[in-house]
Structures are given as C-alpha cells and as structure tokens.
Amino acid sequence: RKVIFSGIQPTGVPHLGNYLGALREWKRLQDEADPATTDLFFCIVDLHALTIPRPGKELRAARQEMLAALLALGIDPAKSTLYFQSDSKLQLTDTASVTDPVARASLKLGLFSYPVLQAADILLHRATHVPVGDDQRQHLEFARECVTNFNHTYCAYPDPNEEPSKAMTEAMLSPPEIILPSASAAKRIMSLTSPDKKMSKSDPSPKSRILLTDDAATIHKKIRGAVTDGLGPVSYDPVNRPGVANLLHIVSALDQKGRDPVTLMKEEGLEGCGMADLKDFVSDRVCEELGPIRERFEIYMRSPWDMRVEIEESAERAQKSAAKNMRLYKKVMGMSWD
Ligand code: TYM
C-alpha cells in the first residue's frame, strides 16, 4: 500500500509558505488518491510543540486554529486521517532513538530528539511518501537512516542462511520518499521582509509572512511592503533579485496553468513593468486563493465542538494504525511472548 504521511506544528494559523510548500499538496494528494490503494495521515504535531515552553491555553488555541485552517483548506477527515499527535498515544520514539546511528556524546540530545520524534511519526504509520517543503529534506534523510537501521537490526538475522520470520518480513520498512510540491517555485517561499530567509512563523515581524486568514486589505498591505530592490523594472534573477523572484515564485506557484516564473512573467506582461504593478498582480492572485479559505476558517472557529466531532473517528483510525504497527514492531524487537 501507499501510505502518505505528513505533519505540521500547531503554530496557529499557517502561513503562505506552509500552504504552498505542503498543505496544498496534502489536499491535492488527498483528492487524487485511490482509497483502494492509498492511506493518508495528516498530523498536527502538538507533542513536538512542547519544545517551546508556553502556557497550556496558548497551545490549546493554536491547535484549534491549525485544525480549523486544515479543514478550511479542504483536508477531509473522511478521506484523510487527520489527528493530533497527542491523540495517537503510542510513540515510536524509543525505537527510533536506539537505532539512531549518530550518537556522539558531545552533541546535545535536543539536536537529536526533534528528528527522532519526526522519524517516529513517519515510521509509526509505515509511511511510504512524505509531502513536505524543502526545509524538511534533512529530517527525511534521517528517517530513512532509521529505517535502514531498523530493518538491519530487527528484520534480518545475522546468519544469511536463517530465513526471516513472517513477522520480520511484515515489519520490514521501506525508506519513506520525500514529495516536494509539484510547482517547484513553491518548495521554499521566502520572507517578505528579508527575502534571504524562508517565510517562517518564528520571524518576529508579522509583515514577513501572509497568514491563510489575512483579509484582502492586509494581504495588499503586506505585499506592497515586501522588500524588493532598486535595480529597475521587473526581471527574474533569483540570485541578484531574491525579493522580486520570491514574488514571481508565489504567483507561479498559484498559477492555474502551472507556468514557471519566467513564462508567467512574460505572458502576463510583467517583465519590465514597475514593482507596484507586479505587487498588485501578486496580491490579487493571493486574495483569490485565500478568500474562500478565510471564510470557511471563520465558520469552523465559531464551532470548535463541531470540529472535535468531525475528527473524532479520524483520531481513532490513527490510534488503531499506531497500535497495530507497534504490536508488530514489539514482536520483532523481542518485546512479546511469542
Ligand atoms: P512545520 O510546521 O515547520 O511546517 C509545515 C510544512 O510547511 C513547510 N514549510 C514551507 N514550505 C515552503 N516554504 C516555506 N517558507 C515553508 N515553511 C514551512 C514545511 O516544509 C512543512 O512541510 N518538522 C515538521 C513537522 C513534522 C513532520 C513530521 C513533517 C513533524 N513530524 C513527519 C513530516 C513528517 C515541521 O516543523 O513543519
């Protein structure tokens, strides 16, 4: 079976980078998936979020906002298993950490614990495909190493003449593949205020990012204020003009016709025009895309209880999958009676 898994931190309302780099792909994969051959798991990783200490009520609000945003953009709990990490109580952390290949004492545990937790999410559901933005590449590489180690340690006998047991064959994992966004312009959306950094929730300036729930006036204002350069009319030059290129990447990623930045720039008459025209063009496209999401988000936020009911069954599915796989892993690891 194909198992698609991905996660997002409960950072409140997601930003345009999250959306273009990952969330929109989640929806696309969900809508294209054949339920006979594919399972999808999308997880709000609230346990990961504990690495940033904060009062419980803040995390509670951020979890709700993230869930409302995912539902609003079209993740459907009837098609995808959508759940909070803390609801799927079983953790595979221990397994992943014992097989961690790079246990050098001089490095701090914190450096390792995050990728370990992430690998555990992936391995717990036996994911074969992981749709994420470019910044997650290294974490995925780590998860693949965990798979190799796990298979080597528990799914093969050291003696090549000894046949692996049925459980060993079943437990054998395949290294998860990364799925980058189909529009390559979307894989790394940069900050609007410092285009050399990725758009990020942790940037202290709210002007650096567009939230999925920003209204049209806010979107126009943020994009009008986006840092570009004084190098004259619009051209595509990611190295020397990262701010302009980022705006072109955003519209290319949102383009219905799937045109790359240069083709789009030429066909839409943006090449050689002034920055203000480019910014208006970008703002209009972003507003068109996000408007309907914002409306649905507001409806969900008015009825948190309905959201809870909507994902209840989905959370049970996640638990079942986790429990089943964990039983199998424990068996091959020797933590069982047979
Ligand atoms: P997180 O919450 O930081 O981001 C969620 C997703 O958004 C993508 N992303 C971006 N894509 C393009 N441009 C950007 N500026 C940008 N910023 C963020 C990220 O690549 C990600 O796909 N460690 C993960 C969460 C996680 C996870 C997992 C992912 C936990 N367990 C298992 C996959 C599989 C994280 O912090 O994502």
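Residues numbered from 1 in each chain as written. Predicted model: local features only at pLDDT ≥ 70, side-chain atom pairs only at ≥ 80, totals over all residues.

- An unreviewed UniProt entry lists the protein under the name tryptophan--tRNA ligase, from Humicola insolens.

**Some thoughts on the overall build of the protein**
Phase 1: Scanning the protein for helices and strands turns up 11 helices and five strands.
Phase 2: Since a compact globule built from 338 residues should have a radius of gyration of about 20 Å, the 22 Å found for the protein is in line with a globular shape.
Phase 3: Taking the principal axes of the C-alpha coordinates as reference, the protein spans close to 70 × 45 × 45 Å.
Phase 4: When burial is assessed residue by residue, the protein has 38% of its 338 residues classed as buried.
Phase 5: A sequence separation of at least 24 residues applies to 75% of the contacts in the protein between residues at least 6 apart. (Helix = DSSP H or I, 4+ residues; strand = E, 2+ residues; numbered from the N terminus. Rg over C-alpha atoms; globule rule 2.2 N^0.38 Å. Buried ≥ 20, exposed ≤ 12 C-beta atoms within 10 Å, placed from the backbone. Contact = placed C-beta atoms within 7 Å.)

**A look at the site of the ligand**
Phase 1: Around the ligand sit 26 residues, and of these Gly 7, Gly 17, Gly 21, Val 132 and Gly 133 come closest.
Phase 2: Put simply, the parts of the chain that give the shell around the ligand at least two residues each are β1 (2–8), α1 (16–32) and α4 (109–124).
Phase 3: The greatest single-element share of the shell around the ligand, amounting to five residues, is contributed by α1.
Phase 4: Taken together, the residues of the shell around the ligand break down into 10 nonpolar, 11 polar and five charged. (Near = placed C-beta within 6 Å. Nonpolar A, V, L, I, M, F, W, Y, C, P; charged D, E, K, R; others polar.)

**A word on the environment of Asp 306**
Phase 1: Residue position: Asp 306 is located in helix α11 (residues 304–333).
Phase 2: Spatially, the C-alpha atom of Asp 306 lies 25 Å from that of Ala 322, the residues being 16 residues apart in sequence.

**Side note on the packing of helix α2 (residues 56–72) against helix α10 (residues 275–302)**
Axes are the key here: two packed helices are described by the angle between their axes and the distance separating the axes.
Phase 1: In the contact formed by α2 and α10, the axes pass within 8 Å of each other and the chain directions differ by 130 degrees. The pairing of α2 with α10 is recorded here as oblique in orientation. In terms of crossing hand, the pair formed by α2 and α10 is right-handed. Taken together, the residues of α10 that come into contact with α2 (itself represented by Ala 68, Ala 69, Leu 71 and Ala 72) are Ile 293, Arg 296, Phe 297, Tyr 300 and Met 301.
Phase 2: Of the residues belonging to the contact of α2 with α10, the class tally is eight nonpolar, no polar and one charged. (Axes fitted to C-alpha atoms, helices over the stretch in contact; angles between N-to-C directions. Parallel < 35°, antiparallel > 145°, perpendicular 65-115°, else oblique. Left-handed = near helix turned anticlockwise from the far one by under 90°.)

**Comments concerning the packing of α2 against α11**
Phase 1: For the pair α2 and α11, the least separation of the axes is 11 Å and the interaxial angle reads 70 degrees. Considered as vectors, α2 and α11 are oriented roughly perpendicular to each other. As α2 runs across α11, the sense of the crossing is left-handed. Together, Gln 64, Leu 67, Ala 68 and Leu 71 of α2 and Pro 304, Met 307 and Glu 310 of α11 make up the contact between the two elements.
Phase 2: Considering only residue class, the contact of α2 with α11 consists of five nonpolar, one polar and one charged.

**Describing the domain arrangement of the protein**
How big an interface is tends to be expressed through the accessible area that disappears when the partners come together.
Phase 1: Segmentation of the protein into domains returns domain 1 (2–185 + 303–333) and domain 2 (190–299).
Phase 2: Using only C-alpha atoms to locate each centre, domain 1 and domain 2 end up separated by 30 Å.
Phase 3: At the junction of the two partners, domain 1 supplies 15 residues and domain 2 supplies 17 residues.
Phase 4: Residue assignment for the side of domain 1 that touches domain 2 shows that the elements contributing at least two residues are α1 and α2.
Phase 5: If you tally residues by element for the side of domain 1 that touches domain 2, the top one is α1, at four residues.
Phase 6: Along the lines of polarity and charge, the residues of the side of domain 1 that touches domain 2 split into 11 nonpolar, three polar and one charged. (Domains from an automatic or database assignment.)

**Let's talk about the environment of Asp 260**
Phase 1: Looking at the secondary structure, you find Asp 260 in the loop between α8 (242–254) and α9 (261–267).
Phase 2: Given 15 C-beta atoms within a 10 Å radius, Asp 260 is considered partly exposed.
Phase 3: Separated by 75 residues in the primary sequence, Asp 260 and Ala 185 have C-alpha atoms spaced 7.4 Å apart.
Phase 4: Ignoring sequence-local partners within four residues, the contact set of Asp 260 consists of Ala 185 and Ser 252.

**Description of helix α5 (residues 137–154)**
Phase 1: With 18 residues, α5 extends 26 Å between its outermost C-alpha atoms, agreeing within 8% with the 26 Å of an ideal straight helix rising 1.5 Å per residue.
Phase 2: Of the positions making up α5, those classed as buried are Leu 140, Phe 142, Ala 143, Cys 146, Val 147, Phe 150 and Tyr 154. Angularly, the buried residues of α5 cover 155 degrees about the axis, an arc narrow enough to put them on a single face. Exposed and oriented more than 90 degrees from the buried face of α5 are Gln 138, Glu 141 and His 152. (Expected span 1.5 Å × (residues − 1). Arc of directions from axis to C-beta.)

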